[in-house]
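# Structure assessment
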Amino acid sequence: QVQLVESGGGLVQAGASLRLSCAASGRTHIGWFRQAPGKERELGAGINWYSRTYYADSMKGRFTISRDNAKNTVYLQMNSLKPEDTAVYYCAAARHCYDSVPCFDSWGQGTQVTVSS
């Protein structure tokens, strides 16, 4: 099973940027999910080993997923953050696909992102 470690969360003001990192222990497709208080966890973006990407509507436009295969690390660049982006952000690993929730079977511990108004 792939081990995943997220980092880069924090408390920022609206309009700021953050970059989250997900370090993986092996070669895998990666997705970024988020779970806001009282809401279900949702898939926001995914990337395959060849850097082909998927974005849900919730992360289109302001967020960019990318990867550095030499470092086995996937990033989520988040720009123009809004209070509604406040959530715990998780990365997850998949073997066969990267654009829907059932693809993913290993999870990181999550990192909190809080955006103040």
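Described below are features of the structure shown in this document. (Residues numbered from 1 in each chain as written. Predicted model: local features only at pLDDT ≥ 70, side-chain atom pairs only at ≥ 80, totals over all residues. Heavy atoms only, no water.)

It is worth spelling out the nonpolar core at this point. Counting 24 residues, the largest nonpolar core has Ile30, Trp32, Leu76, Met78 and Tyr89 as its most contacted members. Those residues in contact with Tyr89 that sit more than four places away from it in its chain are Glu6, Leu20, Trp32, Phe33, Arg34, Met59, Phe63, Leu76, Met78, Gly110, Thr111 and Val113. Judged by nonpolar contacts, the second largest core, of eight residues, contains Phe33, Tyr90, Ala94 and Tyr98. (Core = buried A, V, L, I, M, F, W, Y, C linked by side-chain atoms within 4.5 Å. Buried < 20%, exposed > 50% of the residue type's maximum accessible area, 1.4 Å probe, protein only. Contact = heavy atoms within 4.5 Å.)

Bringing the state of the cysteines into the picture now. The tally for this structure, following the rule as stated, stands at two disulfides. Residue Cys22 pairs covalently with Cys91 via a disulfide, S to S 2.1 Å. In this structure the cystine formed by Cys22 and Cys91 twists about its S-S bond by roughly 70 degrees; its chirality is therefore right-handed. Here the residue Cys22 occupies a position in strand S3 (residues 18–24), and Cys91 occupies one in strand S9 (residues 87–94), the gap between them amounting to 69 residues. Judged by relative accessible area, which is 0%, Cys91 ranks as buried. With its bonded cysteines labelled in order along the sequence, the protein chain shows the pairing 1-2, 3-4. (Disulfide = S-S within 2.5 Å. Helix = DSSP H or I, 4+ residues; strand = E, 2+ residues; numbered from the N terminus.)

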